[in-house]
Amino acid sequence: MAITFARRMEGLKGSEIRELLKLTEKPEIISFAGGLPAPELFPVEEMKKISTLVLEESGTAALQYTTTEGFPPLREHIADRMNSKNKTNIDKDSILITNGSQQGLDFSGKVFLDEDDVVLCESPSYLGAINAFKAYQPKFVEVPTDNQGMIMEELENIIKTTDRIKMIYVIPDFQNPTGRTWPLERRNKFMEIINKYEIPVIEDNPYGELRFEGENLPSLKSMDKKGLVVFLGSFSKIFCPGYRIGWVCAPEEILSKYIFVKQGADLQASTISQREISKFMDIYDLDEHVDKIKAVYTRRRDLMLKTMKEELPEGLEYTYPEGGLFTWVELPSHLNSKVIMEECIASNVAYVPGGSFFPNGGKENNFRLNYSTMPDEKIVEGIKRLGVVLRKHMEVEAESL
Ligand code: PMP
């Protein structure tokens, strides 16, 4: 029987990277490949209490459907939190609760993209967003970046010379995969350009609260005067991903489209997850919890970067993340991180090869390292193993010069 699938499935093939990453799940492997929060920081005991409390206090409501927009007290908590952390000035009516911010990404594609429309994104960008958008068959135009994120002159040149740009997808805070953050001048310039050309922006911000040092910068959303910015937030990295709760914050005209799409997708996010997180925020201090996470990640980032300095060969470049979960390593241009990864796996250490973070491909000499998941001693051991493999490749290069 010949099964004919929708054309959109043609762009959604399983990747060799995914096959490679499956190998990293073996227990003997020290994996810097995932983007997982540290599980030992999950508030298990608190949530045991909370789940009982929610069921005792409002059991039938917690097990019932709720509105598509989401549980109002949670939306209020989120609006308050955004106003204090992201410097916005919004209320709960600007918030739609989603199943993680990943769902917000999928919905963004659904709301804005027709086949062959253009999405602009940072080069490189978050793989999960690229894959979500691909289902809507757009073209990607990658905007060049440097150590301070998207380069605004390049952005403006691309906008001037490209038709059918429907949205710009960006991660200005502790980007996945690079860990980079846009400074204030870039944010100002970006908003100036956006206002001039009036293009919708998806500001994906799951890591913004995980700042280890330096000053909190205003979100693009807080600088939006024309109603063009859609902000995607998430509890995954500041609380825990298992509840699958994220949110979209957008101007009314845009949010109403997301709400409509949410109805069609799954009616609503889990009522009980929403009520439990809301209750946690009622009776515990989420800031205190985030501080605990930040303390551990700061230590792990420091340890990873220090060990990289000691153990990795000269001639590599890597980012210094002021927050978030990742650092990004650039190898000399002729080296291929996918090929080297196979040797790393044989040495029981893993990273994510960088190629798939470029939607149009063509760059294979970088990789992403995560420092949030592995305990301290494994960070040191894993980077040492990585150093041995990389040194071999860099020495071959030096000899052949
Ligand atoms: N955006 C970015 C940049 C991410 O890195 C992730 C996941 N790590 C997500 C969105 C999706 O996260 P979630 O659905 O768990 O909120």
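(A) Examining the pattern of salt bridges more closely. Tallied over the entire structure, the rule returns 28 salt bridges. Among the salt bridges present, the one from Glu 57 reaches Lys 279, with a minimum N-O distance of 2.7 Å. On the criterion of sequence distance, the pair formed by Glu 57 in helix α2 (residues 44-62) and Lys 279 in helix α9 (residues 271-283) is long-range, its members being 222 residues apart. One salt bridge connects Asp 287 with Arg 81, and the closest N-O pair in it is separated by 2.9 Å. Here the residue Asp 287 occupies a position in helix α10 (residues 286-311), and Arg 81 occupies one in helix α3 (residues 72-85), the gap between them amounting to 206 residues. The network of salt bridges with common partners includes Glu 40, Arg 299, Arg 300 and Asp 376.

(B) Expanded view of the sheet that holds strand β9 (residues 229-234). Spatially, the seven strands line up as an open sheet ordered β2-β10-β9-β8-β7-β3-β4, and their pairing is mixed. Across the chains shown, the open sheet's two edge strands, defined by having one partner strand only, are β2 (95-99) and β4 (139-143). This sheet shows a mean twist of 25° between the axes of neighbouring strands, independent of strand direction. In this fold helix α6 (residues 152-161) packs onto β3 (118-122), β4 and β7 (165-170), with an angle of close to 145° to the strand it touches most, β4.

(C) Up close: the site of the ligand. The environment of the ligand is formed by 14 residues, the closest being Asp 204, Tyr 207, Ser 234, Ser 236 and Arg 244. Between the ligand and Gln 102, the relevant distance is 2.9 Å, taken from an oxygen atom to a main-chain nitrogen or oxygen of the residue. Lys 237 is positioned with one of its side-chain polar atoms (N or O) 2.8 Å from a nitrogen atom of the ligand. Its free accessible area being 400 Å², the ligand has 92% of it covered by the protein chains. Sort the elements by how many residues they give to the shell around the ligand and helix α4 (residues 100-112) lands first, with four residues. Here the residues of the shell around the ligand are counted per class, giving five nonpolar, six polar and three charged.

(D) Structural view of the packing of aromatic side chains. According to the stated counting rule, one finds twelve aromatic pairs in the structure shown. Arranged with centres 5.3 Å apart and planes meeting at 80°, the rings of Phe 133 and Tyr 169 form a pair that is edge-to-face. Of this pair, Phe 133 sits in helix α5 (residues 127-134) while Tyr 169 sits in strand β7; the two residues are 36 residues apart in sequence, bridging distant segments of the chain. Of the two residues, Phe 133 and Tyr 169, both sit in the buried class. Through a chain of ring-to-ring contacts, three or more aromatic side chains come together here, namely Phe 239, Tyr 243, Phe 280 and Tyr 284.

Cut-off values and rules
- Residues numbered from 1 in each chain as written.
- Predicted model: local features only at pLDDT ≥ 70, side-chain atom pairs only at ≥ 80, totals over all residues.
- Heavy atoms only, no water.
- Salt bridge = Lys/Arg side-chain N within 4 Å of Asp/Glu carboxyl O.
- Helix = DSSP H or I, 4+ residues; strand = E, 2+ residues; numbered from the N terminus.
- Pairing = 2+ DSSP bridges.
- Axes fitted to C-alpha atoms, helices over the stretch in contact; angles between N-to-C directions.
- Contact = heavy atoms within 4.5 Å.
- Near = heavy atom within 4 Å.
- Polar contact = N/O pair within 3.5 Å; in protein donor to acceptor, adjacent residues only side chain to side chain.
- Areas by Shrake-Rupley, 256 points an atom, 1.4 Å probe, with all protein chains shown as cover.
- Nonpolar A, V, L, I, M, F, W, Y, C, P; charged D, E, K, R; others polar.
- Phe/Tyr/Trp six-rings, centres within 6.5 Å; stacked < 30°, edge-to-face > 60°.
- Buried < 20%, exposed > 50% of the residue type's maximum accessible area, 1.4 Å probe, protein only.

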